[in-house]
Amino acid sequence: MPRMSTSDAHSRPLRKLRISITDRCNLRCAYCMPAEEYRWLPKQELLSFEEIERLARIVRELGVREVRLTGGEPLLRRDVEELVMRLANLGFDKLAMTTNGMFLADHVDELRAAGMTSVTVSLDTLRPGRFERLTRRTGLDRTLDGIRAAVAAGFERPKINTVVMRGFNDDEIFDMLEFAHEVGAEPRFIEYMDVGGATDWSASDVVSRREILERVHARYGTPEPLVGRGAAPAERFELPTGQRFGIIASTTMPFCGACDRARLVADGRFFTCLYSRSGVDLRSLLRSEATDDDIRDLIAGVWRERTDRGAEKRLELAARSPLASRAELASDPHLEMHTRGG
Ligand code: SAM
Ligand code: SF4
Ligand code: SF4
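### Brief notes about the overall build of the protein
Turning to step 1, where the next piece is worked out: Check the secondary structure of the protein and you find twelve helices and twelve strands.
Turning to step 2, where the next piece is worked out: For the protein, the C-alpha atoms occupy an extent of roughly 60 × 50 × 45 Å along the three principal directions.
Turning to step 3, where the next piece is worked out: Looking at the protein as a whole, 44% of its 342 residues are labelled buried.
Turning to step 4, where the next piece is worked out: At a minimum sequence separation of 6, the contacts of the protein that also span at least 24 residues come to 74%.

Okay, here's the thing in structure tokens:
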């Protein structure tokens, strides 16, 4: 079937799909998984690679051009390279992964050979003590090795995602820029978001885009905005030194107006916004007699009705607090960032 374009109620096309392939994670980052124990999605409810591939083929026909694998920690899903190969064969413009990087060095060559086009590694601090405090696990070196391995494997400028939190790591912005430069990666500073899972979020912990830019300016000179952002979450800048970096200002300057991303959770629930309270169960459809046309029509219909602008609505609130309480998260794991896939 030829590729078409599917636009929502605000004329935003469906162009990108983030697929969370597991809700499990080996870390417990305080801003994402503050508890120790979680109620995991039952294994039999996770989509198989065949099911993910089938959905990916269908959304590609609806106009999706870019796919990002995420989690939980996507490298915990066994044989992930096989999934990458299946998706690469469908012919997306971009096939990326967001990972905490701890298992990346072991997988990166195979991922690249399988057709992965880009990698983003989450790294919030370069200090082992802080890493342990934030993630409640050891192993910063493994993440650093993972980033270096991605560069060595030939991924051009892997991205480093850093959530900037006041009083925790906001004194490492320059260190992160310099580390990224040294290893050949591109840093992206992310504003701390009040998403599900971030139960300790407070507005005073957010270091805004404006503040990050001011600090970088004072140290390195004026960061010049790069043109051609399109619908990308990151706004990119170039320093007088030539170094490039990005800022993802989801909290203080949301970009919902251009948002072309949908999310597929590991158990087949389809969400049209990071902040949506509910999603559509595609697994039941996949495991029924439904044809590809039926599934395509359903997804297209859901996207056409889409009016989401979750982060903009959060910004309009007079007083902001975490999206969901611990009790709400416990009763609906789909609200969790590690389930939804970031
Ligand atoms: N485990 C993988 C990782 O950490 O890269 C992939 C999943 S993680 C949920 C995806 C991204 O969401 C990470 O870059 C993480 O830093 C980001 N994230 C999680 N909670 C966040 C929050 N409260 N605010 C901003 N970013 C957050
Ligand atoms: Fe940290 Fe990613 Fe795991 Fe969340 S899913 S706890 S951000 S490593
Ligand atoms: Fe898109 Fe929702 Fe994020 Fe806004 S909050 S950018 S609509 S996913």
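### Here's the deal with the sheet that holds strand β4 (residues 118-122)
Turning to step 1, where the next piece is worked out: Spatial strand order, β7-β8-β9-β6-β5-β4-β3-β2-β1-β10-β11-β12: twelve strands in an open sheet with mixed pairing. Strand pairing shows two members of the sheet lacking a second neighbour, β7 (224-225) and β12 (280-281), which therefore form its edges.
Turning to step 2, where the next piece is worked out: Taken together, the three bridges between strand β6 (residues 186-191) and strand β9 (residues 244-248) define a ladder with parallel strand orientation. Looking at β9, one finds that Ile 190 is bridged to Ile 248.

### Some remarks on the site of ligand 3
Turning to step 1, where the next piece is worked out: As a structural note, the neighbourhood of ligand 3 is formed by Pro 254, Phe 255, Cys 256, Cys 259, Arg 261, Cys 273, Leu 274, Tyr 275, Asp 308, Arg 309, Gly 310 and Ala 311.
Turning to step 2, where the next piece is worked out: Class assignment for the residues of the shell around ligand 3 results in eight nonpolar, one polar and three charged.

### Here we look at the environment of Ala 9
Turning to step 1, where the next piece is worked out: Among the secondary structure elements, Ala 9 is positioned in the segment before β1 (16-20).
Turning to step 2, where the next piece is worked out: If we ignore the near neighbours within four places in the chain, the residues touching Ala 9 are Glu 305, Arg 306 and Thr 307.

### Re helix α1 (residues 49-61)
Turning to step 1, where the next piece is worked out: Between its first and last C-alpha atoms α1 spans 18 Å; for 13 residues at 1.5 Å apiece the expected length is 18 Å, and the two agree.
Turning to step 2, where the next piece is worked out: For α1, the complete set of buried residues consists of Ile 52, Leu 55, Ala 56, Ile 58 and Val 59. Within α1, the buried residues cover an arc of 165° as seen down the axis, which keeps them to one side.
Turning to step 3, where the next piece is worked out: Looking at the buried positions of α1, the neighbouring elements they touch are β1, β2 (66-70), α2 (80-90), β10 (261-264) and α9 (292-304).

### Overview of the pairing of strand β3 (residues 94-99)
Turning to step 1, where the next piece is worked out: Within β3, five of the six residues are buried, which leaves it mostly tucked inside the rest of the structure.
Turning to step 2, where the next piece is worked out: Handedness of the crossover is the feature at issue here: the chain leaves β2, passes through α2, returns alongside β3, and the resulting connection is right-handed.
Turning to step 3, where the next piece is worked out: In this sheet, β4 lies alongside β3 in parallel orientation, the contact comprising four bridges. When the bridges of β4 are listed, Thr 99 appears paired with Val 121.
Turning to step 4, where the next piece is worked out: Read from β3 through helix α3 (residues 104-114) to β4, the crossover connection turns out right-handed.

### Let's talk about the packing of α1 against α9
When two helices pack together, their arrangement is given by the angle between the helix axes and the distance between those axes.
Turning to step 1, where the next piece is worked out: Between α1 and α9, whose axes approach to 10 Å, the crossing angle comes to 60°. Considering the angle they form, α1 stands oblique to α9. The chirality of how α1 crosses α9 is right-handed. Contacts from Ile 58, Val 59 and Glu 61 of α1 reach α9 at Asp 292, Ile 295, Arg 296 and Ile 299.

### Examining the pairing of strand β5 (residues 159-164)
Turning to step 1, where the next piece is worked out: Counting buried positions along β5 gives six out of six residues, so the element sits mostly inside the fold.
Turning to step 2, where the next piece is worked out: Where burial is concerned, the two faces of β5 agree: the one with Lys 159, Asn 161 and Val 163 and the one with Ile 160, Thr 162 and Val 164 are both buried.
Turning to step 3, where the next piece is worked out: Relative to β5, β4 runs parallel, the two sharing three bridges. Paired with Ser 122 across the strands is Asn 161, a residue of β5.
Turning to step 4, where the next piece is worked out: With six bridges joining them, β5 and β6 adopt parallel strand pairing. Considered in β6, the bridge of Thr 162 is made with Phe 189.
Turning to step 5, where the next piece is worked out: Following the backbone out of β5, through helix α6 (residues 173-183) and into the adjacent parallel β6, one traces a crossover that is right-handed.

The rules we used
- Residues numbered from 1 in each chain as written.
- Chains lettered and ligands numbered in written order.
- Predicted model: local features only at pLDDT ≥ 70, side-chain atom pairs only at ≥ 80, totals over all residues.
- Helix = DSSP H or I, 4+ residues; strand = E, 2+ residues; numbered from the N terminus.
- Buried ≥ 20, exposed ≤ 12 C-beta atoms within 10 Å, placed from the backbone.
- Contact = placed C-beta atoms within 7 Å.
- Pairing = 2+ DSSP bridges.
- Near = placed C-beta within 6 Å.
- Nonpolar A, V, L, I, M, F, W, Y, C, P; charged D, E, K, R; others polar.
- Expected span 1.5 Å × (residues − 1).
- Arc of directions from axis to C-beta.
- Right-handed = clockwise from strand over helix to strand, strands pointing away.
- Axes fitted to C-alpha atoms, helices over the stretch in contact; angles between N-to-C directions.
- Parallel < 35°, antiparallel > 145°, perpendicular 65-115°, else oblique.
- Left-handed = near helix turned anticlockwise from the far one by under 90°.

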